[in-house]
Amino acid sequence: MTAKNRKPKAVPVAEQDPPAVEPQAPRKPVFVADEATIVEDAQDPFLTPVEPSDDIDDEAALAALTPEVATPKRRRLSFFKIALSAFGLVFSLAFAAWLDSLIQGFFARSEILGWVATGLVAIGALSLFAVAVKEMRALARLNNVQSLKALAESAAAERDPAKARQVVSRLTTLFAGRPETARDRARLAEFDEQIIDGPHLVDLAETELLLPLDRQARGLILGASKRVSVVTAISPRALVDIGYVLFEAMRLVRSLSYLYGGRPGTLGIMRLARDVVSHLAVTGSLALGDGVVQQLLGQGIANRLSAKLGEGVINGLMTARIGIAAMDLCRPMPFRATKRPGIGEFVGDLTRQVTGTGKKDGKSG
């Protein structure tokens, strides 16, 4: 037999009340001022991504060795320049007279020799004219960088949106031929019409366009400092040290100028180098004392360094100071939204290279 199918029917369910929740007393405010700490800028990992060495125990000495912000030297008319220009014109006239007599002598010997000499002089004169035009254009680019920096300072101080947009336009034009800045220039153009505050627009332009270049500039300065520290530590002659330091300093100034869009010529490089050296000489940060290694690096590293290795570290720090000053002069905008590099960011790398120690974890590097 099979069981009959049961018919469906409704079954009443007793309603259950939700569980009672005991009310909690409101939490009293707790004073936590003793537990909160304010992180200083020098300890902020976002502002100082490069960790200094553990052995460095004198931050004041590092701050004192960081050169002040370098500014281009004012070009003024002096009696020395007037005398130099006058004697230069006299020697130019004397050279022209000698050249004319030389060509006439060639014509007196043979007409063919005279025309050949005339053609060679014409080619040389045109080449010198092309070099002069190239140098003048290079100097104009350097002046354009300095005028752009002054315009950025004025736009940020006066809170003028029109000047700020002019800064952005000139800055994008300056880096228009750099493919690596194409994405940054496009991103900056997207926010151009959305930001109406002048200082914020200037800060955005600095962050988007110059911050990646600042990282490359730090790499250039660090590389030159390391090479100088190694070469001067193993070179047997002081004359070799001086020559190599000058070579690396000139190459560093030229590389930084090309990085920031200056593209100087020979005269421009000489002018930048003169401004850097004169700035460091006036501020008193061109040379270091004999006890700088022990003062900066601490007693632990100073005892492990020989006199020659310590001299290499000092020369490397001097190259870093030259690079920071050159960075101030070549950068088309002042440091406002980004942090200016200091000597403390290079000391750890130089000492780890010279002593053979690794990072803070103790590994050899």
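Residues numbered from 1 in each chain as written. Predicted model: local features only at pLDDT ≥ 70, side-chain atom pairs only at ≥ 80, totals over all residues. Heavy atoms only, no water.

1. A look at unusual backbone geometry
Then step 1. Of note in the backbone geometry, R263 takes a positive phi value of approximately 45° without being a glycine.
Then step 2. With respect to the element layout, R263 can be found in the loop between α7 (238-259) and α8 (266-283).
Then step 3. Judged by its relative accessible area of 43%, R263 falls in the partly exposed class. (Helix = DSSP H or I, 4+ residues; strand = E, 2+ residues; numbered from the N terminus. Buried < 20%, exposed > 50% of the residue type's maximum accessible area, 1.4 Å probe, protein only.)

2. Some points on the side chain of S257
Then step 1. Examined against the element boundaries, S257 turns out to sit in helix α7.
Then step 2. If near-sequence neighbours (up to four positions away) are discounted, S257 is found in contact with L142, G262, R263, P264, L272 and C330. (Contact = heavy atoms within 4.5 Å.)

3. Re the packing of helix α4 (residues 161-174) against helix α6 (residues 198-234)
Then step 1. Interaxial distance between α4 and α6 falls to 8 Å at its minimum, and their mutual angle equals 15°. Judged by the inter-axis angle, α4 sits roughly parallel to α6. As α4 packs across α6, the resulting crossing turns out to be left-handed. The segment α4 lies against α6, with P161, A164, R165, V168, L171 and T172 engaging G198, L201, V202, A205 and L209.
Then step 2. When its residues are assigned to classes, the contact of α4 with α6 shows 8 nonpolar, 2 polar and 1 charged. (Axes fitted to C-alpha atoms, helices over the stretch in contact; angles between N-to-C directions. Parallel < 35°, antiparallel > 145°, perpendicular 65-115°, else oblique. Left-handed = near helix turned anticlockwise from the far one by under 90°. Nonpolar A, V, L, I, M, F, W, Y, C, P; charged D, E, K, R; others polar.)

4. Focus: the confidence of the model for the protein
Then step 1. Summing up the model confidence of the protein, the mean pLDDT is 75 and the portion of residues at 70 or higher is 69%.
Then step 2. Within the protein, helix α2 (residues 79-109) carries the highest mean pLDDT (89), whereas helix α9 (residues 292-304) carries the lowest (51).
Then step 3. Here residues 29-57 scores under 50 on pLDDT; set against residues more than four positions off or in separate chains, the count is 30 contacts.
Then step 4. Within the model, the stretch residues 358-365 combines pLDDT values under 50 with 13 contacts to residues more than four positions away or in other chains. (pLDDT = per-residue confidence, 0-100.)

5. Some words on α6
Then step 1. The terminal C-alpha atoms of α6 lie 52 Å apart, and with 37 residues this matches the ideal 54 Å at 1.5 Å per residue to within 8%.
Then step 2. Largest kink in α6: about 45°, centred on L210, with the proline P212 one to four residues after it. (Expected span 1.5 Å × (residues − 1). Bend = angle between axes of the 7 residues up to and from the residue.)

6. Topic: the nonpolar core
Then step 1. V167, L171, I221, L256, Y260, V276 and M333 are the most contacted members of the largest nonpolar core, which totals 53 residues.
Then step 2. For this core, the elements supplying multiple residues, two or more each, are α3 (111-158), α4, α6, α7, α8, α10 (307-330) and α11 (344-355).
Then step 3. Looking at this core element by element, the count peaks at 12 residues for α6.
Then step 4. Once residues within four sequence positions are removed from consideration, V167 is found in contact with L148, L151, A152, A155 and M333. (Core = buried A, V, L, I, M, F, W, Y, C linked by side-chain atoms within 4.5 Å.)

7. Considering α4
Then step 1. Between its first and last C-alpha atoms α4 spans 20 Å; for 14 residues at 1.5 Å apiece the expected length is 20 Å, and the two agree.
Then step 2. Along α4, the residues classified as buried are A164, V167, V168, L171 and L174. End-on, the buried residues of α4 take up no more than an arc of 125°, which puts them together on one face. For α4, the exposed residues set more than 90 degrees away from the buried face come down to A162 and T173.
Then step 3. Packing partners of the buried residues in α4 comprise α3, α5 (182-190) and α6. (Arc of directions from axis to C-beta.)

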